[in-house]
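# Per-entry structural report
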Amino acid sequence: MKDISKQYELFLSYYNGELTGNERAAFEKEMEENEELKEAFSDFTLLLRTLKDKESLEMRREFKSLLEKRRKNNTSWIRSIFLNPWSAAAAALFVLIIAVYFLYINLFNDEGSQDQRIMAETTSIDWNHPDFQVLPEYTELLKIEYRSVGFMLLSPHDSLVMHKGEEMKFSWKPSKKKLMIDILDHQGNTVISTDEPVSGPYFQPLILEPGAYLFRIRDHEESLHWGIFFCVP
Amino acid sequence: MQQYTETEIINGLKTMDRDILQYIVEEYYPSVYYFVRNNRGREEDAEDIFQDTMVVIFDKIRDGDFDLKCSLKTFIYAVSRNIWLKRLIYSSRRKQRLFSETDDFMVEECPSAAELDEDEKKFLFQRNFLKLNEVCRMILELFLEQKSYQYISDRFDLGGVQSARKKKYRCLQSLIRFIKNDPEYKRMIQL
């Protein structure tokens, strides 16, 4: 695209047929010789065509207004909380109670019992319940996230939830590039590591206890990609 | 909320049925919003991308060029995704490299980013035209309809042909200024 701002008055006069015969001929000759001018004029005529397309503009205007209205509606309840002193005080109190509750858990629960609690919670969850079934659109979103960075973790069920004993497939591009894969538990301990760089795709059986895990793909210098998955019984 | 079939939605888009447009926003905008927000975009970017997408679809329907090979939801999502990823690619060489490496993961049956090249400038012009005030928009519209300066002057009580000419000039200048200040324009100029 070329800068259309420099000569738009001239462009407009030409477009409207307001130039004299000589001016018109000179302008056309210059366009023949000057590619940049020709492209700028082409962009300018596109601008005029765009503005003449009232239906398309009207469509954009309608959606713009609907989206703005939606945004206002979505934020107005939050704003209304903070505009009313009583509701603002109630919200602050609520946040304070939550903060104290979590501080209490962190201060008085020792590490061992936390581990047991997390393990107990993970194993007691019914992962087959419909609430935990990953919706197709979110699975797709997840994949796109992976695609945009070039790394992928493929699971048998195409979701973040995998069963113990199943095989995970890590892939990246270019696959010939050798990288290392680590799997870390919720405390940050490395529970599985390739130790040496491997080429993709790399298959890893899921020989882990139920819980939430992070995977990290890295080279010797830096981590290139992080992700999360859940291992269930 | 009332549910509509894809045929009803497409017909509603053609006629700009307000209820259908509202339904489209409620039903299809959230996935576009989350995609843009998760890929370094702001809420305003998500809204722009969604408007661009709906213009693409509306133009295709109007030109009889709308061939739906996947669900409408997937189509809208794919167009939005391609427009946004394309902007990201242009804004970063590094992303361009990564994106080209992962091209084979794209949804093939839906519109490709290449198809959207021509529309980019149109989006830029439309977006900035809508930033003008109502009077300026109407003056430029009348001017493009080749209404006389006398007519424009009478319509907006501008006090004569010269004033109408000046007003049109100022409106056009404002539009050009908005376009020039748009980050997308700066990006396109550099290509």
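Cut-offs applied
Residues numbered from 1 in each chain as written. Chains lettered and ligands numbered in written order. Predicted model: local features only at pLDDT ≥ 70, side-chain atom pairs only at ≥ 80, totals over all residues. Heavy atoms only, no water. Helix = DSSP H or I, 4+ residues; strand = E, 2+ residues; numbered from the N terminus. Contact = heavy atoms within 4.5 Å. Salt bridge = Lys/Arg side-chain N within 4 Å of Asp/Glu carboxyl O. Buried < 20%, exposed > 50% of the residue type's maximum accessible area, 1.4 Å probe, protein only. Expected span 1.5 Å × (residues − 1). Bend = angle between axes of the 7 residues up to and from the residue. Disulfide = S-S within 2.5 Å. Axes fitted to C-alpha atoms, helices over the stretch in contact; angles between N-to-C directions. Left-handed = near helix turned anticlockwise from the far one by under 90°. Nonpolar A, V, L, I, M, F, W, Y, C, P; charged D, E, K, R; others polar. Parallel < 35°, antiparallel > 145°, perpendicular 65-115°, else oblique.

Bringing the overall build of chain B into the picture now. Within chain B one finds ten helices and zero strands. In chain B, the succession of helices and strands from N to C terminus is α-α-α-α-α-α-α-α-α-α. Sequence-distant contacts, at least 24 apart, represent 61% of the contacts inside chain B between residues at least 6 apart.

With the rule as written, the count across this model stands at 23 salt bridges over all chains. D182 of chain A is the salt-bridge partner of R216 of chain A, the closest N and O atoms lying 2.8 Å from each other. With a gap of 34 residues between them, R216 of chain A in strand β7 (residues 211–218) and D182 of chain A in strand β4 (residues 180–184) connect regions that are remote in the sequence. The exposure classification of R216 of chain A matches that of D182 of chain A, with both residues buried. In this structure, R62 of chain B engages D59 of chain B in a salt bridge whose closest nitrogen and oxygen atoms are separated by 3.2 Å. Here R62 of chain B and its partner D59 of chain B are both found in helix α3 (residues 43–62), three residues apart, which amounts to about one turn of the helix.

All names here are of chain B. With 21 residues, helix α2 (residues 18–38) extends 29 Å between its outermost C-alpha atoms, agreeing within 8% with the 30 Å of an ideal straight helix rising 1.5 Å per residue. Where α2 bends most, the angle comes to about 45°, and this point is Y29, followed within four residues by the proline P30. Of all the residues in α2, the buried ones are I20, L21, Y23, I24, V25, Y28, Y29, S31, V32, Y33, F35 and V36. Once α2 finishes, R40 follows within two positions and takes phi at roughly 65°, a positive value.

A covalent bond bridging the sulfur atoms of two cysteines is what the word disulfide describes. Residues and elements named next belong to chain B. Summed over the entire model, instances satisfying the criterion amount to one disulfide over all chains. Sulfur-sulfur distance for the disulfide between C136 and C171 comes to 2.1 Å. One disulfide, between C136 and C171, carries an S-S torsion of -80° and so falls in the left-handed class. One end of the pair, C136, is in helix α7 (residues 134–144); the other, C171, is in helix α9 (residues 161–181), and 35 residues separate them in sequence. One exposure class covers both C136 and C171, and it is buried.

This brings us to the packing of helix α1 (residues 8–15) of chain A against helix α2 (residues 21–33) of chain A. Residues and elements named next belong to chain A. With their axes 11 Å apart at the nearest point, α1 and α2 run at an angle of 115° to one another. Seen along the crossing, α1 lies across α2 with a hand that is left-handed. Of the residues in α2, those touching α1 at L10, F11 and Y14 are R24, F27, E28 and M31. Here the contact of α1 with α2 is built from residues that sort into five nonpolar, no polar and two charged.

Further remarks concern the packing of α1 of chain A against α9 of chain B. Following both chains from N to C, one finds α1 of chain A and α9 of chain B inclined at 120°, their axes separated by 12 Å at the closest point. The orientation of α1 of chain A relative to α9 of chain B falls into the category oblique. In the crossing of α1 of chain A with α9 of chain B, the sense of the turn from one axis to the other is right-handed. In this structure, α1 of chain A contributes Y8, E9 and L12 of chain A to the contact, and α9 of chain B contributes K168, Y169, L172, Q173 and I176 of chain B. Its residues assigned to classes, the contact of α1 of chain A with α9 of chain B shows five nonpolar, one polar and two charged.

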